[in-house]
Amino acid sequence: MHYAAMLFEDKAINFHLVYVHKASAFTSADLMTTGNANLYASIVKTPKEDLEDLAQDLQTEYNNPKHTYNVHIDYDVFTDAINQFVVLNGIQLIIMGTNGVTGADEVVFGSHTLNVIRKVSCPTLIIPNGFKFVQPKSILLPLDEKDQLNQQRLNQIFNLVSKEASHFHVLRITETAEDDTTDINTLKSLLKSGNYKYHHVINVPMDKVVDTYMQTNTIDLEVFIIQKTNFLERLFMGSPITKHSKIASVPLYILHD
């Protein structure tokens, strides 16, 4: 939330802080033995008060009249609650945090984050825990063979970053040699010549390309286009990128086709 408050400092934003209580948190026995007052405090009152305190702290710290903070409590399956909230409230962006690489298997993203990426078709911004805000000016955009580079896609990125002040690192990664004409023409028409670098990498796994590029270039924001589940599995679970801490070191912007 601190990252978001600073990223959107100059924009009028309506923030919704949402707490989703696990549907399986209480058994039937709990519901029968717990008093109504205690049950209400556990499910609604305490988390709502915590969210209200957070909203007040953010409003006080940043004192931004362009920002409003709303708090919501839901009691449902996590992704079901988020999907419903997105539809009912016209949400344009989901913001989540991640603790980075944790555990014996070095899992980069928690189950909630992965499930939102998989099951919620809304742009999602994932912020690493403890990341110190810097205005994103160096943007990495890896593309596989099916990802389209067009004005609509770039406009989604421009919603977060400055078109004029940002530098884009575009990596087209394919199994075989392909014509770059469409990509180059799109970049020339939408960006200044000095605002981007374009590389076409052939027959190298995407995780290895991203890993190497992140280690050899300063990147402030990564953008990934999610085509379908098998692409997500290949990128985040079925490849060494799950053990790649660099992907958890800068904010990640997920877009869906």
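We now turn to the structure provided with this report. None of the values given here were measured: they were computed from a predicted structure. (Residues numbered from 1 in each chain as written. Predicted model: local features only at pLDDT ≥ 70, side-chain atom pairs only at ≥ 80, totals over all residues. Heavy atoms only, no water.)

## Description of the overall build of the chain
Regarding its fold elements, the chain presents nine helices and nine strands. Considering the chain as a whole, with its 257 residues, one finds that 42% of them fall into the buried category. By sequence separation, contacts in the chain at least 24 residues apart represent 79% of the contacts at least 6 residues apart. For the chain, the exposed surface amounts to about 13700 Å²; the carbon and sulfur share of it is 49%. (Helix = DSSP H or I, 4+ residues; strand = E, 2+ residues; numbered from the N terminus. Buried < 20%, exposed > 50% of the residue type's maximum accessible area, 1.4 Å probe, protein only. Contact = heavy atoms within 4.5 Å. Areas by Shrake-Rupley, 256 points an atom, 1.4 Å probe, with all protein chains shown as cover.)

## Here's the deal with a negative patch on the surface
A cluster of acidic residues, Glu-49, Asp-50, Glu-52, Asp-53, Asp-57 and Glu-61, forms a negative patch on the protein surface. Topologically, Glu-49 is positioned in helix α3 (residues 36–62). For Glu-49, a relative accessible area of 36% puts it in the partly exposed group. (Patch = residues over 30% accessible without salt bridge, like charges linked within 9 Å, V, L, I, M, F, W, Y side chains within 5 Å. Salt bridge = Lys/Arg side-chain N within 4 Å of Asp/Glu carboxyl O. Lys, Arg positive; Asp, Glu negative; His and termini not counted. Charge placed at Lys NZ, Arg CZ, Asp CG, Glu CD.)

## Observations regarding the pattern of salt bridges
All chains considered together, the criterion is met by one salt bridge. One salt bridge in this structure joins Arg-172 and Asp-183, with 2.9 Å as the shortest N-O distance. Of this pair, Arg-172 sits in strand β6 (residues 167–174) while Asp-183 sits in helix α7 (residues 181–190); the two residues are 11 residues apart in sequence, bridging distant segments of the chain. Across the pair, exposure class does not vary: Arg-172 and Asp-183 are buried alike.

## A short note on the sheet that holds strand β3 (residues 94–98)
The mixed open sheet is built from seven strands, whose spatial order is β3-β4-β9-β8-β5-β6-β7. Only two strands of the sheet have a single partner each, and these edge strands are β3 and β7 (196–202). On average, each strand axis in the sheet is tilted by 20 degrees relative to the strand beside it, whichever way the strands run. Pairing of β6 with β7 involves seven bridges; the strand directions are parallel. Bridge pairing links His-169 to Lys-197 in β7. Of the strands in this sheet, β3, β4 (124–128), β8 (221–226) and β9 (252–256) are in contact with helix α5 (residues 111–119), which crosses β3 at around 150 degrees. Packed onto the sheet, α7 meets β6 and β7 and runs at close to 170 degrees relative to β7. (Pairing = 2+ DSSP bridges. Axes fitted to C-alpha atoms, helices over the stretch in contact; angles between N-to-C directions.)

## Things to note about the nonpolar core
Formed by 34 residues in total, the largest nonpolar core has its most connected members in Leu-125, Ile-157, Phe-168 and Val-223. At four residues, the largest contribution of residues to this core is made by helix α1 (residues 2–7). Non-local contacts of Leu-125, meaning those with residues more than four positions away in its chain, are made with Tyr-3, Leu-7, Leu-93, Ile-94, Ile-95, Met-96, Leu-160, Leu-221, Pro-251, Leu-252 and Tyr-253. The next biggest cluster of nonpolar side chains, apart from the first, holds 16 residues, and it includes Val-210, Phe-224, Val-250 and Ile-254. (Core = buried A, V, L, I, M, F, W, Y, C linked by side-chain atoms within 4.5 Å.)

## Some thoughts on unusual backbone geometry
What is expected of a backbone is that most residues other than glycine have negative phi and most peptide bonds are trans. We note that Asn-63 has phi near 45 degrees; this positive angle belongs to a residue other than glycine. Relative to the helices and strands, Asn-63 is located in the loop between α3 and β2 (67–75). On the basis of relative accessibility, which here comes to 61%, the residue Asn-63 falls in the exposed class. The phi dihedral of Asn-203 is positive, around 60 degrees, even though this residue is not glycine. Within the secondary structure, Asn-203 sits in the loop between β7 and α8 (206–216). What makes Asn-203 exposed here is its relative accessible area of 60%.

## Quick look at the environment of Ile-254
Tracing the backbone through its elements, the reader meets Ile-254 in strand β9. Looking at Ile-254, the relative accessible area reads 0%, which means it is buried. Residues Ile-254 and Phe-224 lie 30 residues apart in sequence; the distance between their C-alpha atoms is 5.1 Å.

## A look at the pairing of β3
Taking every second residue as pointing to the same face, the buried face of β3 carries Ile-94, Met-96 and Thr-98, while none of Ile-95 and Gly-97 on the other face is buried. Across five bridges, the pairing between β3 and β4 is parallel. By the bridge assignment for β4, Ile-95 is matched with Leu-125.

## With respect to α7
Looking only at α7, the buried set comprises Asp-183, Thr-186, Leu-187 and Leu-190. On an axial view of α7, the arc spanned by its buried residues comes to 95 degrees, and they lie on one face. Exposed and facing more than 90 degrees away from the buried side of α7 are Lys-188 and Ser-189. Each element contacted by the buried residues of α7 is listed here: α6 (151–158), β6 and β7. (Arc of directions from axis to C-beta.)

In short, shape yes, function no, at least from these values alone.
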